[in-house]
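Observations on the three-dimensional arrangement
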Amino acid sequence: DTEVTQTPKHLVMGMTNKKSLKCEQHMGHRAMYWYKQKAKKPPELMFVYSYEKLSINESVPSRFSPECPNSSLLNLHLHALQPEDSALYLCASSLLAGGETQYFGPGTRLLVL
Amino acid sequence: DAKTTQPPSMDCAEGRAANLPCNHSTISGNEYVYWYRQIHSQGPQYIIHGLKNNETNEMASLIITEDRKSSTLILPHATLRDTAVYYCIVNTGTASKLTFGTGTRLQVTL
């Protein structure tokens with residue numbers, strides 16, 4: 001199984017809503033990542049978890065709150081987002097956090113109204 | 001991580017080889033060259049990577065120049081399903097961060 005799954009595929013939320021994005025992998029990978037991709041732009045790293053601990057936060061606003069409850073799951077909690085946060089949110093995983101090949105999920109397309 | 005330069009777009013006829021160039025003139029000795037691609041509205045997909053030697057797998061070949069300042073990704077028989085944005089990334093063997101450039105949009109046509 002070389003698949004990273006993400007739910008939901010699409011999400012529309014208001015600026016006062018609270019929602020969560022979910023990512024799951026069953027490859028035994030110990031590093032998981034969140035990327036953000038705006039339209040017609042390359043993906044940009046947001047967070048890195050290594051062995052369920054946050055190891056990199058790329059100065060992401062606190063309205064994005066990551067969580068790694070176990071080695072297979074990664075969540076991104078969203079609260080009080082702005083319309084400019086509308087983007088494709090990609091999850092990835094790798095065996096370890098050091099330069100390993102990353103496997104990406106299909107992403108969640110988020111629209112903030 | 002070293003920066004990369006790729007042409008913004010390329011066309012290729014179906015069945016022909018697609019050769020995608022990448023310049024990485026400031027690459028360090030411990031940095032690998034990675035290639036990923038992103039088909040429209042999907043997540044990026046790993047293709048291949050290498051350090052010094054040329055590499056080949058079931059998807060593509062990677063040719064790295066002797067001075068390591070540039071490389072070429074070769075899709076030997078491009079199909080319509082290879083239409084995607086191709087990203088060349090240089091990364092050390094210990095860095096977690098993938099820094100995507102703007103990539104090359106490859107259009108495979110009939």
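Structure shown above.
Residues numbered from 1 in each chain as written. Chains lettered and ligands numbered in written order. Predicted model: local features only at pLDDT ≥ 70, side-chain atom pairs only at ≥ 80, totals over all residues. Heavy atoms only, no water.

Describing the state of the cysteines
Applying the stated rule across the entire model yields two disulfides over all chains. Here Cys23 of chain A is linked by a disulfide to Cys91 of chain A, with a sulfur-sulfur distance of 1.8 Å. On the sign convention where negative is left-handed, the bridge of Cys23 of chain A and Cys91 of chain A, at about -70 degrees about the S-S bond, is left-handed. Taken together, the residues Cys23 of chain A in strand β3 (residues 18-25) and Cys91 of chain A in strand β9 (residues 87-94) connect sequence positions 68 residues apart. For the pair formed by Cys23 of chain A and Cys91 of chain A, the shared burial category is buried. Disulfide partner of Cys22 of chain B: Cys88 of chain B, at an S-S distance of 2.1 Å. When the S-S torsion is -80 degrees, as for the bridge of Cys22 of chain B with Cys88 of chain B, the disulfide is left-handed. Linking Cys22 of chain B in strand β2 (residues 18-23) with Cys88 of chain B in strand β8 (residues 84-92), this pair joins segments that are 66 residues apart in sequence. Both residues of the pair, Cys22 of chain B and Cys88 of chain B, belong to the buried class. (Disulfide = S-S within 2.5 Å. Helix = DSSP H or I, 4+ residues; strand = E, 2+ residues; numbered from the N terminus. Buried < 20%, exposed > 50% of the residue type's maximum accessible area, 1.4 Å probe, protein only.)

What to know about unusual backbone geometry
All names here are of chain A. Of the consecutive residues Thr7 and Pro8, the connecting peptide bond is found in the cis state with omega at -10 degrees. The phi dihedral of Lys40 falls on the positive side, at around 60 degrees, and the residue is not glycine. Within the secondary structure layout, Lys40 lies in the loop between β4 (31-37) and β5 (44-50). Using a relative accessible area of 82% as the deciding quantity, one classes Lys40 as exposed. Of note, the phi angle at Ala80 is positive, near 55 degrees, even though the residue is not glycine. Along the chain, Ala80 falls in the loop between β8 (73-79) and β9.

A look at the pattern of salt bridges
Tallied over the full model, the rule gives five salt bridges over all chains. Where Glu24 of chain A meets Lys22 of chain A, a salt bridge forms, and the shortest distance between an N and an O atom there is 4.0 Å. Between Arg37 of chain B and Asp82 of chain B there is a salt bridge; the shortest N-O distance is 2.8 Å. Here Arg37 of chain B, found in strand β3 (residues 31-38), pairs with Asp82 of chain B, found in the loop between β7 (70-75) and β8; they are 45 residues apart in sequence, far enough to count as distant. Asp82 of chain B shares its class with Arg37 of chain B; the two are buried. Salt bridges sharing partners connect three or more residues here, namely Lys36, Arg63 and Asp85 of chain A. (Salt bridge = Lys/Arg side-chain N within 4 Å of Asp/Glu carboxyl O.)

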